[in-house]
Amino acid sequence: MIDYAAILKANPNGVLATQDGQGVKTRVFQYLFADGKRVYFCTNSEKPVFKQLAANPHVSFCTYTADFNPVLSINGKAVFTEDGALKLRALDENPLIKHIYGSPDNPIFKIFYIDVKEIETFSIAEGPKSYKL
């Protein structure tokens, strides 16, 4: 199994794909941290992505190393949580997020994780691989 958490930590910026009534929507997103099969992100409850995730939680997050070895795709369901400890961790580890939301009690500050069901990778040396969790 590939160490996807290490790849995400080294390459936190990627593209999150969601679905709405019009089709697939992609946007740049930043990975926060991982814990087992859970890969954490945050958003604002007033953004369209929040509504899209609530309506259809099936998502994919893709990132890659500078040499594209590997390209990594995390697939699963988005699950929102109001866990104050997770919100505090996100704020403590990310000064920009702390600047935006201020405190874990901010009502528009939402934490979600992808409950990872599948990891797909591609590298020049190994080609495509898929891992079911």
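Everything discussed here concerns the structure shown above.
Numbering of residues begins from 1 in every chain and follows the order in which that chain's sequence is written. In keeping with the model being predicted, local features are shown solely for residues with a pLDDT of at least 70 and side-chain atom pairs are shown and tallied solely at 80 or more, while totals for entire chains, interfaces and linings include all residues. For side-chain calculations, the full set of non-hydrogen atoms in the structure is used, while hydrogens and water are omitted.

Undergrad: Please give an account of the pairing of strand E8 (residues 127–132) that cites residues and values.
TA: Think of it this way: DSSP has to see at least two bridges between two strands before they count as a pair. For helices the rule is a DSSP run of H or I covering at least 4 residues; for strands it is a run of E covering at least 2, with both sets numbered from the N terminus onward. Pairing between strand E7 (residues 109–123) and E8: six bridges, direction antiparallel. Looking at the pairing, Ile 119 lines up with Tyr 131 of E8. Adjacent in sequence and paired antiparallel, E7 and E8 are bridged by three residues.

Undergrad: How would you summarise helix H2 (residues 48–55) if you had to cite specific residues and measurements?
TA: For each residue, the accessible area found with a 1.4 Å probe, counting protein chains only, is set against the maximum for its type, and the residue is called buried under 20%, exposed over 50%, and partly exposed in between. Among the residues of H2, those classed as buried are Val 49, Phe 50, Gln 52 and Leu 53. The buried residues of H2 occupy an angular sector of 165° when the element is viewed end-on, so they sit on one face. Relative to its buried face, H2 has exposed residues pointing more than 90 degrees away, namely Pro 48, Ala 54 and Ala 55. What makes two residues a contact is simply this: any of their non-hydrogen atoms within 4.5 Å. Packed against the buried residues of H2 are strand E1 (13–20), strand E2 (23–30), strand E4 (38–44), strand E5 (58–64), strand E6 (71–81) and E7. The directions considered for the arc run from the helix axis to the C-beta atoms.

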